[in-house]
Every structure is written in C-alpha cells, then in structure tokens.
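Given next are the chains, with one letter for each unit.
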Amino acid sequence: MDNDAWTDLPPSLIESEDYKALNAEQRSNFAARLRHCAEVAAKGGSAAKTEGAGLLDAIDDIELDAMSIMGGFSDVEATVSPYRVHSSWTFECDRQAMAGCVAADAASFLATARIGVDASHDDARNWLRTWADVLRLTLIRFATASSFTEAVAHLVVADALVCSYLVFAATARLNSGIR
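For the structure given in this document, a descriptive report is provided here. Here the structure is a predicted model, which is why all the values come from computation and not from measurement.

With respect to the overall build of the protein chain
And then number 1: On a plain count of helices and strands, the protein chain comes out with nine helices and zero strands.
And then number 2: Listing the helices and strands of the protein chain from first to last along the sequence gives α-α-α-α-α-α-α-α-α.
And then number 3: For the protein chain, the C-alpha radius of gyration of 16 Å lies close to 16 Å, the compact-globule estimate for 179 residues.
And then number 4: Dimensions of the protein chain, computed from C-alpha atoms along their principal axes, come out at roughly 50 × 35 × 30 Å.
And then number 5: Taken across its 179 residues, the protein chain has 47% of its residues classed as buried.
And then number 6: At a minimum sequence separation of 6, the contacts of the protein chain that also span at least 24 residues come to 80%.

Observations concerning helix α3 (residues 24-47)
And then number 1: If you check α3, its first and last C-alpha atoms are 34 Å apart, about what 24 residues at 1.5 Å a residue would give, namely 34 Å.
And then number 2: All buried positions along α3 are accounted for by Gln26, Phe30, Ala31, Arg33, Leu34, Cys37, Ala38, Val40, Ala41, Gly44 and Ala47.
And then number 3: Tucked inside the fold, the buried residues of α3 contact α1 (11-14), α2 (17-20), α4 (55-70), α5 (82-89), α8 (121-143) and α9 (148-173).
And then number 4: With a side-chain oxygen lying 3.0 Å from the backbone nitrogen of glutamate 25, the N-terminal cap of α3 falls on asparagine 23.

Observations concerning the packing of α8 against α9
To characterise two packed helices, one gives the angle between the axes of the helices and the distance between these axes.
And then number 1: Orientation of α8 relative to α9, taken along the N-to-C sense of each, is 160°, at an axis distance of 9 Å. Comparing the axis directions of α8 and α9 gives the class roughly antiparallel. Viewed along their axes, α8 and α9 form a crossing whose handedness is left-handed. Packed against α8, whose contacting residues are Ala124, Trp127, Leu128, Trp131, Val134, Leu135, Thr138, Leu139, Arg141 and Phe142, the element α9 presents Ala151, His154, Leu155, Val157, Ala158, Leu161, Val162, Ser164, Tyr165 and Phe168 at the interface.
And then number 2: Among the residues making up the contact of α8 with α9, the classes are represented as 16 nonpolar, three polar and one charged.

Regarding the side chain of threonine 171
And then number 1: Mapped onto the elements, threonine 171 comes out in helix α9.
And then number 2: Classification of threonine 171 as buried rests on a relative accessible area of 14%.
And then number 3: Not counting chain neighbours up to four residues away, the residues in contact with threonine 171 comprise Ile115, Gly116 and Val117.

Reading the values: rules and limits
Residues numbered from 1 in each chain as written. Predicted model: local features only at pLDDT ≥ 70, side-chain atom pairs only at ≥ 80, totals over all residues. Heavy atoms only, no water. Helix = DSSP H or I, 4+ residues; strand = E, 2+ residues; numbered from the N terminus. Rg over C-alpha atoms; globule rule 2.2 N^0.38 Å. Buried < 20%, exposed > 50% of the residue type's maximum accessible area, 1.4 Å probe, protein only. Contact = heavy atoms within 4.5 Å. Expected span 1.5 Å × (residues − 1). Polar contact = N/O pair within 3.5 Å; in protein donor to acceptor, adjacent residues only side chain to side chain. Axes fitted to C-alpha atoms, helices over the stretch in contact; angles between N-to-C directions. Parallel < 35°, antiparallel > 145°, perpendicular 65-115°, else oblique. Left-handed = near helix turned anticlockwise from the far one by under 90°. Nonpolar A, V, L, I, M, F, W, Y, C, P; charged D, E, K, R; others polar.

Structure below.
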C-alpha cells in the first residue's frame, strides 16, 4: 500500500449512518482535514531530518497546521469537528473494541509522547520521526478499516497524535537545545 492510500475513505465509514448524514460540504471538508493530517505527517518526517538550525522553524510551521486541524470548526453545517467524531461517532462504538483497534506502535507512542524542556536537538528529531511515522501509519490503517468502529478508533488516534504534537511544539519553545 502506498502512502497516499489513506486519501480514500474506507467503505466501512462511508456506509455508516453518521457519514451518510453529512452534507456534501461536510464530507469534502472532512476529507480535506484527513489530507491535511497526511501533509503534516510528511512535514514532520522532513523536519526530523533537519541537522542544524532550522528545526524550531519547522516545528513552528507544523504547529500552525496542527492547530488548524484541531480547531476552527465553528460552522457545524460545513465541517466535521474532531469533537463530533469523538462524541457522536463513538457513541455506538464499543470502547473495548475501539481500544483493540489501536496498533501497538500508536499505543506505545501515546503512552510516552512527552518530551522534556531539557531534551536535546537529536531527541526532538527522533520524537518527530517517530510521531510522523505513527501518524502516517494510523492514517493508512484508517483507510483500510474493515468496520466503522475500527475507522473511528483510528480517527481518534490520529487526533490524539495531532494533539500530542501541539504539546511537543509548546515544550520545544521552552527548550534552548532545539535550534
């Protein structure tokens, strides 16, 4: 499967009543939000390769993208907010089943996703590399989800990963070792 496979929404989601209830603009914006997540993952992977100065600039650029992915959903007739997915779409999903869909790499990363204000430049690069890989894989898993519950679980994980980036970016601003 190539890295762009995630752009296709899984049939398990498209056939759901929750997705069918969306209007055309909401569906389009939902797909655009997922494409934006993939772009952010790619930027993270590129930023992780930054050897010298410039890493903090890349972190700053990605932070703006992450903020836009998680915010700006005041027009409920035009968008599908992360909150709607987390609250409404998960309503009929069994939590234990959703937890069972979380891949080991994502679960492990989310359990240890913190980085300290004293982290080195290389620590930040390694964090970014791992984060970008896990987000990319989560989006691929979403695209291939065989059930609505699995698709929603991967959406929630993707949102948690984007939020973990925001914590990372804020912490990086307090760190004099990241250039």
